[in-house]
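These are the residues of each chain, in order.
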Amino acid sequence: MKRSYNKEVKAPVYTIEECTQCGLKSKRFFQDGDYVYRRSGKCGKCNGTMIITYIYTEKPITE
Amino acid sequence: MLELLPLLTWPGENIFSDNPTLYFLLFYAPFILFILYGQKFQTWMVLNEIGRSLNKLKMMKDKSRKEAIDYFANVCKTSSDPTERIDQFLEYFTILPVDTDPSGIMKKIEHIITLRDDRLRSEVRKMITITDPVKMSAAENILEATTALNYIYKIVRHYYLLGKRTMSLYVLIQLQMVMPIILQEADALMKAIDAFKLAQPIGDGIGAMVAGKLMINCEKKIIGKDTVMSESEFNGRSLYLIKAEGPAGNVGQIGTVVEKLIEEMGLKPNAIVMIDAALKLEGEKTGDIAEGIGAAIGGIGVDRFKIEEVATKHRIPLYAIVIKESIIDAITVMRREIAEATDKVIGIIKRILDEKTSVGDKVFIIGVGNTLGIGQ
Ligand SMILES: [Zn+2]
């Protein structure tokens, strides 16, 4: 109640990508156009397809 | 006791000794004032507090309205200034059917709700010039959240003004009691608008996310309004995976699709597994998973009714898996705890398939929820 809604810092949103072949995972900030299960490019290690598996925020927004 | 009385009433060197008026004012007047005006005083205090909360709600309402107008004008590129049209939309209402004669009410509710959704959609499409389905559905969702905030503000203002006019402490106290919860919900709606603008998945989408994961490498076909289906296989069972079509913010027409598949296309499943987000109780952990029986689908009840009807008619067992989250988690950006429940839920689905169905069975797996930011 004491906190005003616009004073809160917005928690960052992350995009997690995973390689469908070797399972390599990478985490980055959310970018416009990202959506879960989008094929998002080639894996840097094995050249397999990377797919976005999660988009989430880590800091609890509400307590 | 009697011996002490003269001391109290005549204390000798006391400053009140020759000023009984001051004595009266200091010791008795406050009592009398509080007895006569205590409730008035309390009413003012409560009014003041609600007034401040109402101001906060007004700020949120105005901000959300501005954000909706900005989104329509800048992202959706409306052909003209959308302000007037959006203001009209904020006052939009839906009259639900009479329920004193409830027979056949579900058909009427469905009719009204479909009409409302179609109207909203067609109005939004008329206003904007872009054709990107994700942005269009985001615009619809933003408009809905803005309408909800506007409605909350108007209701709270109504009771505030009613209490102020009648100076009724009891009207005001009731409002004061629910105010923290109202503010929390309004706050969640504001945050929901942020998620909608960026087309980020919300907590409610977890059911769709589970079904989407199972669909990844399967062929998808549109099976109903905003609803997709894929066929897959697991340990000799044929799986029919159903979810709303993402990554636009849809909830699909799950009930209608299930009814159509069973009644019209003659596809009689041996089991239906439904996955949805469910409201947690205070104290329960966000992202906890629970299993149960029944049609796990929220909303006004049309979809649940349809699935229950058709499942009962054909004696199809309904298995439900729910992921616990608060109402605030459900409409704001998905939390990590919720997202990471996906694989655990898939594990549970596989266990249910192994334990409750046999080789050659057909099973519907339905991921329920808003698919904003969730593809397949
Ligand atoms: Zn790889």
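Here the residue numbers are simple positions, counted from 1 along each chain's written sequence. The naming scheme follows written order: chains are lettered A onward, ligands numbered 1 onward. Under the rules for a predicted model, residues below a pLDDT of 70 receive no local features and side-chain atom pairs below 80 are neither given nor counted, while totals for whole chains, interfaces and linings still include all residues. To get the side-chain values, all heavy atoms of the structure are used, and hydrogens and water are removed first.

1. Structural notes on the interface of chain B and chain A
The criterion, for reference: Contact definition: two residues touch when any of their heavy atoms are within 4.5 Å. Using a 1.4 Å probe, buried area is obtained as the accessible area two parts lose upon being combined, added over both of them. Salt-bridge detection follows one rule: a side-chain nitrogen of Lys or Arg within 4 Å of a carboxyl oxygen of Asp or Glu. Pairs of N or O atoms within 3.5 Å make up the polar contacts considered here, provided that, within protein, one atom can donate a hydrogen while the other can accept it, and that residues adjacent in sequence are counted only when both atoms are side-chain atoms. For the purposes of this entry, the term helix denotes a DSSP run of H or I that reaches at least four residues, the term strand denotes a run of E that reaches at least two, and both are numbered from the N terminus.
Each partner contributes residues to the interface: chain B has 38 residues there, and chain A has 26 residues. Interface of chain B and chain A: buried area, both sides summed, is about 2600 Å²; carbon and sulfur atoms make up 61% of it. Connecting chain B to chain A are one salt bridge. We note a salt bridge from E58(A) to R336(B), for which the minimum N-O separation is 2.6 Å. Scanning the region where chain B abuts chain A turns up nine residue pairs in polar contact (both at pLDDT 80 or more). Looking at the side of chain B that touches chain A, the elements that each hand over two or more residues are α3 (29–75), α7 (169–198), α8 (206–215), α11 (327–331), α12 (336–339) and α13 (341–356) of chain B. If you tally residues by element for the side of chain B that touches chain A, the top one is α7(B), at eight residues.

2. Topic: the coordination of the zinc ion
Residue and element names in this part refer to chain A. The cut-off we apply is this: Metal donors: N, O and S atoms at distances within 2.8 Å, or within 3.2 Å for Na, K and Ca, with water omitted from the atom set so that some sites may seem incomplete. Site shape is set this way: if four donors have all angles between 85 and 135 degrees, tetrahedral; if opposite donors are over 155 degrees apart and all others between 65 and 115, square planar for four donors and octahedral for six; otherwise irregular.
Coordination of the zinc ion by the protein involves C19 (SG), C22 (SG), C43 (SG) and C46 (SG), with metal-donor separations of 2.3 Å. The site at the zinc ion holds four donor atoms, and with the angles between them running 101 to 114°, its shape is tetrahedral. All donors to the zinc ion come from one chain, and their sequence spacing reads C-x2-C-x20-C-x2-C.

3. Observations concerning the pairing of strand β4 (residues 49–57) of chain A
Residues and elements named next belong to chain A. In plain terms, the rule: Only protein chains enter the area calculation, which uses a 1.4 Å probe; residues under 20% of their type maximum are buried, those over 50% are exposed, and those in between are partly exposed. By the convention used here, strands pair only if DSSP detects at least 2 bridges between them.
By the criterion of burial, β4 is predominantly enclosed, with eight of the nine residues buried. With three bridges joining them, strand β3 (residues 39–42) and β4 adopt antiparallel strand pairing. When the sheet's bridge partners are listed, R39 is paired in β4 with I51. Between β3 and β4, which pair antiparallel one after the other, the connecting turn spans six residues, and N47 there sits at a positive phi close to 65°.

4. Observations concerning the pairing of strand β7 (residues 362–367) of chain B
Residues and elements named next belong to chain B. With respect to burial, β7 is a largely interior element, five of its six residues being buried. Note that strand β4 (residues 271–279) and β7 share five bridges and pair parallel. Directly across from V273, in β7, lies its bridge partner I365.

5. Side note on the sheet that holds strand β1 (residues 220–224) of chain B
Residues and elements named next belong to chain B. Note the threshold: Axis definition: a line fitted to C-alpha atoms, limited for helices to the stretch in contact. Angles are taken between N-to-C directions and run from 0 to 180 degrees.
Taking strand neighbours across the sheet as the criterion, the seven strands line up as β1-β2-β3-β7-β4-β6-β5 in an open arrangement whose pairing is mixed. The open sheet is flanked by β1 and β5 (289–293), the only strands paired with a single partner. Taking each pair of neighbouring strands and ignoring which way they run, the sheet shows an average axis angle of 25°. As paired strands, strand β3 (residues 237–244) and β7 are joined by six bridges and run parallel to one another. When the bridges of β7 are listed, Y240 appears paired with F364. Contacting β1, β2 (227–234), β3, β4, β6 (318–325) and β7, α8 crosses the sheet at an angle of about 135° to β3.

6. Topic: the packing of helix α4 (residues 83–90) of chain B against helix α6 (residues 133–166) of chain B
The relative placement of two packed helices comes down to the angle between their axes together with the axis-to-axis distance. All names here are of chain B. For the record, the criterion: Oblique is the label for every angle not falling under 35 degrees (roughly parallel), over 145 degrees (roughly antiparallel), or within 65 to 115 degrees (roughly perpendicular). Crossings are sorted by hand: turned counterclockwise from the far helix by less than a right angle, the near helix makes the crossing left-handed, and turned clockwise it makes it right-handed. Residues are grouped as follows: Ala, Val, Leu, Ile, Met, Phe, Trp, Tyr, Cys and Pro are nonpolar; Asp, Glu, Lys and Arg are charged; all remaining types, including Gly, are polar.
Running from N to C, α4 and α6 cross one another at 60°; their axes reach a closest spacing of 9 Å. The pairing of α4 with α6 is recorded here as oblique in orientation. Crossing of α4 against α6: the hand is right-handed. Taking contact as the criterion, the partners of I86, F89 and L90 in α4 are, on α6, L143, T146, T147 and N150. Its residues assigned to classes, the contact of α4 with α6 shows four nonpolar, three polar and no charged.

7. Some points on the pattern of salt bridges
Here the structure, examined in full by the defined rule, presents 34 salt bridges over all chains. We note a salt bridge from E67(B) to K63(B), for which the minimum N-O separation is 3.8 Å. A residue pair is termed a helical-turn pair when its members lie 3 or 4 positions apart in one helix, as E67(B) and K63(B) do in helix α3 at four residues. Given the relative accessible area of 33%, K63(B) is considered partly exposed. Across the pair R335(B) and E337(B) runs a salt bridge whose closest N-O atoms are separated by 3.1 Å. Looking at R335(B), the relative accessible area reads 9%, which means it is buried. Classification of E337(B) as partly exposed rests on a relative accessible area of 35%. In the salt-bridge network here, residues are joined through shared partners; they are E17(A), R28(A), D34(A) and R38(A).

Keep in mind that these numbers describe shape and distance, not what the molecule does.
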